[in-house]
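Residue-level listing of the chains:
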Amino acid sequence: MHILNLIRWKNLIMIIIAQVLVKYALFEPFNVLTTLSTIGFILLVIATISIAAAGNIINDIYDIETDSVNKPKKIIIGKQVSEKLAYNLFFILNIIGIIIGFYLSHSVGNPSFFSIFVIISLALYVYASYLKGTVLFGNLLISFLVAMSLIIVGIFDIIPAIVSDNRTSQLVFFDIVVDYAVFALLINLIREIIKDIQDVDGDYKAGLNTLPIVLGRERANRIAFIISMIPIGAVIYFVVTYLYKQQLAIAYFLICIIAPLIYATIKIFGAKHNDHYKHISDIYKLVMLLGILSLLVYPLILK
C-alpha cells in the first residue's frame, strides 16, 4: 500500500480513465479510423502510467525536505519505503515505459514517436530536480505533461491512420482531444499554483522560488484567481459553439463543470488559510474527473 501511495495510484487511475474514454467513448463509437489494437492500446496505457508513476516517485524523492514541513505525516520515502527502493522503482518504471514506447512507435510505423516517451521521462526528472522550484516554469511544464497524457492517445491512435480521404474527419476528433488536453492543462496549472501557496512554508525553507515565495501569497492568490476564470470562459465558449443544440450536454457542463469552476473561483478570491486551499485543490481535482467523464455524453447525444 505504501508503494501504491508513493506512485499516486489515484492519479494514475484518473489517467487510465481519461485514456480509456478517449479511445472507447470518443473514437470507437463514431467509427474513427484508428491504429492501435486493444493490446496496443493497453500497452500505451501501461507505458503512460509507468512513466507517470516514475515521475511521482522522483518528485517525492526531491520533496523530502519540503514535505517534512508541509506534510510530515504523509512522508513515505525514508519511513515506509527506503530511498534506495524508491530510486530502483523510478528506474524500472521508466525503463518499462520507454521500452513499450519504442515497441509501439515502430508498430504504428512512426519510429520518431519513441522520442515522446524519452522527452516526457526526462522532463519529469528535470521538473522534480530543478524546475519545480522556479516561478511558473515548473507549473507550466507539469501541466503540459498532464495534457500530454490525453494527446498521446490521439498521436498514436489517430495520426498514423490519416490518409487524404479522411484527413478532415480525423483531425476533427484529434482537435477534440486537444481541447480536452488544454482544459486539463489549465485546471492543473491552477491546482499547481494553489498547492504552491499551500506549501509556501516548506518551499521557502528548501530555498525554492515558487510564485508565492517570489510575489507573496496575496499576489499569487490574485494570479490564481485570474487564471481560474479562463477555463470558465473556455468551457462556456465550447458549449455555446459546439453543443448549443444538445440539452443533455448543456445540463451536464453547467451542473458538473461550470458551476464547480465558478464555486472554486469564488473560494480562491476569499482564501486565507491552508484548509481553504486544500478544499479548492480538491474541487479542481473533482472538476478534472468530471471533465473527463463528460466524454461519455458524446455517444448519447451525437449517435
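Residues numbered from 1 in each chain as written. Predicted model: local features only at pLDDT ≥ 70, side-chain atom pairs only at ≥ 80, totals over all residues. Heavy atoms only, no water.

**Observations concerning the overall build of the protein chain**
In step 1: Helix and strand content of the protein chain: 14 helices and zero strands.
In step 2: Starting at the N terminus and ending at the C terminus, the protein chain contains elements arranged as α-α-α-α-α-α-α-α-α-α-α-α-α-α.
In step 3: Taking 19 Å as the expected radius of gyration for a compact globule of 303 residues, we find that the protein chain reaches 20 Å, a close match to that expectation.
In step 4: Oriented by its inertia axes, the alpha-carbon framework of the protein chain measures out at about 60 × 45 × 30 Å.
In step 5: Counting across all 303 residues of the protein chain, residues that qualify as buried make up 50%.
In step 6: The long-range fraction of contacts in the protein chain, counting pairs at least 24 apart against all pairs at least 6 apart in sequence, stands at 75%.
In step 7: Summed over all atoms, the accessible surface of the protein chain reaches about 14,700 Å², with 67% contributed by carbon and sulfur.
In step 8: Of the charged side chains in the protein chain, 22 are positive and 18 negative; the average position of the first set lies 5 Å away from that of the second. (Helix = DSSP H or I, 4+ residues; strand = E, 2+ residues; numbered from the N terminus. Rg over C-alpha atoms; globule rule 2.2 N^0.38 Å. Buried < 20%, exposed > 50% of the residue type's maximum accessible area, 1.4 Å probe, protein only. Contact = heavy atoms within 4.5 Å. Areas by Shrake-Rupley, 256 points an atom, 1.4 Å probe, with all protein chains shown as cover. Lys, Arg positive; Asp, Glu negative; His and termini not counted. Charge placed at Lys NZ, Arg CZ, Asp CG, Glu CD.)

**Considering the packing of aromatic side chains**
In step 1: Enumeration according to the criterion identifies 14 aromatic pairs in this entry.
In step 2: Geometrically, the ring pair formed by Phe90 and Tyr125 is tilted, given 6.3 Å between the ring centres and 35° between the ring planes. In this pair, Phe90 is assigned in helix α5 (residues 83-107) and Tyr125 in helix α6 (residues 114-129), connecting sequence segments 35 residues apart.
In step 3: Relative accessible area serves as the criterion here: at 7%, Phe90 is assigned to the buried category. (Phe/Tyr/Trp six-rings, centres within 6.5 Å; stacked < 30°, edge-to-face > 60°.)

**A short note on the environment of Glu192**
In step 1: Within the element layout of this structure, Glu192 appears in helix α8 (residues 167-198).
In step 2: Not counting residues within four places of it along the chain, the set of residues in contact with Glu192 comprises Tyr127, Asn139, Ile142 and Ser143.
In step 3: At 3.3 Å, the side chain of Glu192 forms a polar contact with the side chain of Lys195. (Polar contact = N/O pair within 3.5 Å; in protein donor to acceptor, adjacent residues only side chain to side chain.)

**Quick word on the side chain of Asn166**
In step 1: Mapped onto the fold, Asn166 is located in the loop between α7 (137-157) and α8.
In step 2: A polar contact of 2.8 Å, which involves the side chain of Asn166, links it to the backbone nitrogen of Val163.
In step 3: In contact with Asn166, other than residues within four places in its own chain, are Leu33 and Ala161.

By themselves, these figures tell us nothing about what the structure is for.
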